[in-house]
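Commentary on secondary and tertiary structure
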Amino acid sequence: MEEKKIGKMEQIARQWLANRGVTIEHIAELVYYLQSKYHPDLQMDECIHNVNRVIAKREVQNALFTGIQLDILAEKGLLEEPLQSFIAKDEGLYGVDEILALSIVNVYGSIGFTNYGYIDKQKPGILKQLNDKSSGYCHTFLDDIVGAIAAAASSRLAHRAAHVE
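We now turn to the structure provided with this report.

What counts, and where the lines are drawn
Residues numbered from 1 in each chain as written. Predicted model: local features only at pLDDT ≥ 70, side-chain atom pairs only at ≥ 80, totals over all residues. Heavy atoms only, no water. Phe/Tyr/Trp six-rings, centres within 6.5 Å; stacked < 30°, edge-to-face > 60°. Helix = DSSP H or I, 4+ residues; strand = E, 2+ residues; numbered from the N terminus. Buried < 20%, exposed > 50% of the residue type's maximum accessible area, 1.4 Å probe, protein only. Salt bridge = Lys/Arg side-chain N within 4 Å of Asp/Glu carboxyl O. Core = buried A, V, L, I, M, F, W, Y, C linked by side-chain atoms within 4.5 Å. Contact = heavy atoms within 4.5 Å. Expected span 1.5 Å × (residues − 1). Arc of directions from axis to C-beta.

Before going further, it helps to spend a moment on the packing of aromatic side chains. Enumeration according to the criterion identifies 4 aromatic pairs in this entry. Look at W16 and F65: their rings are 5.0 Å apart centre to centre, the planes differ by 70°, and that puts the pair in the edge-to-face class. Taken as a pair, W16 in helix α1 (residues 8-19) and F65 in helix α4 (residues 58-75) lie far apart in primary sequence, 49 residues in all. Note on F65: relative accessible area 14%, which makes it buried. Ring centres 6.2 Å apart and planes at 85° place the aromatic pair Y94 and F141 in the edge-to-face group. Taken together, the positions of Y94 in the loop between α5 (83-89) and α6 (96-105) and F141 in the loop between α8 (126-130) and α9 (142-164) put the pair 47 residues apart, joining distant regions of the chain. Residue class for Y94 comes out buried when judged on its relative accessible area of 19%. One aromatic cluster is present, built from ring pairs that chain together F86, Y94 and F141.

Here it is as structure tokens:
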């Protein structure tokens with residue numbers, strides 16, 4: 001990981017991701033997927049750096065905590081109906097999971113919306129695993145949060161590259 005002191009909330013956010021089977025490298029692979037055709041010399045360490053910068057943002061951490069907690073409660077059947085069914089089944093018309101994800105994407109501007117929409121439809125890498133309903137886990141919010149972090153990191157990377165050029 002980068003040489004910088006990370007705060008307590010960021011440490012907790014990273015741990016919550018890890019507990020749900022998501023690594024920084026998984027998210028960085030999504031960033032690479034989104035940006036490599038636009039940046040032919042893109043290296044994975046640059047993707048990791050941008051993911052780390054996104055996760056350092058408190059509003060991203062707050063969305064992550066909220067979404068993961070709702071997924072866990074749904075796994076345990078601890079939500080009231082009809083919310084329990086909406087989240088447990090990842091009901092297509094529910095949409096609050098995408099809205100929470102968009103709060104992350106919005107941190108880095110409008111390019112993040114297109115990145116998020118694209119990756120949400122494609123579901124490469126870890127997103128495919130998180131969407132596997134046969135796993136016994138509920139990742140209704142987490143798949144969108146991970147996609148949003150990747151989209152935001154991609155946006156951050158694109159903005160920085162534009163300033164360099």
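Right, let's talk about the pattern of salt bridges for a bit. Evaluated as defined, the whole model comprises 4 salt bridges. Between R20 and E75 there is a salt bridge, with the nearest N and O atoms lying 2.5 Å from each other. Here R20 is found in the loop between α1 and α2 (24-35), whereas its partner E75 is found in helix α4, with 55 residues between them in sequence. Note that D90 and K133 form a salt bridge whose closest N and O atoms lie 3.3 Å from each other. In this pair, D90 sits in the loop between α5 and α6 while K133 sits in the loop between α8 and α9, placing the two residues 43 residues apart along the sequence. Here D90 falls in the buried class, since its relative accessible area comes to 19%.

A separate point is the nonpolar core. If you look at the biggest cluster of nonpolar residues, it comprises 45 residues, and the most contacted ones within it are I27, V51, V146 and I149. Elements represented by at least two residues in this core include exactly α1, α2, α3 (44-55), α4, α6, α7 (111-122), α8 and α9. With 10 residues, α9 is the largest single contributor of residues to this core. Sequence-distant contacts of V146, defined by excluding residues within four places in its chain, comprise L17, V22, I27, L30, I126, L127 and L130.

With that out of the way, let us pick up the environment of G77. Positionally, G77 belongs in the loop between α4 and α5. As for G77 and I87, which are separated by 10 residues in sequence, their C-alpha atoms are 10.0 Å apart.

Next up on the list: α2. Taking 1.5 Å as the rise per residue, α2 with 12 residues should run 16 Å; its terminal C-alpha atoms sit 16 Å apart, in good agreement. The set of residues buried in α2 consists of I24, I27, A28, L30, V31, L34 and Q35. End-on view of α2: buried residues confined to an arc of 155°, all on one side of the axis.

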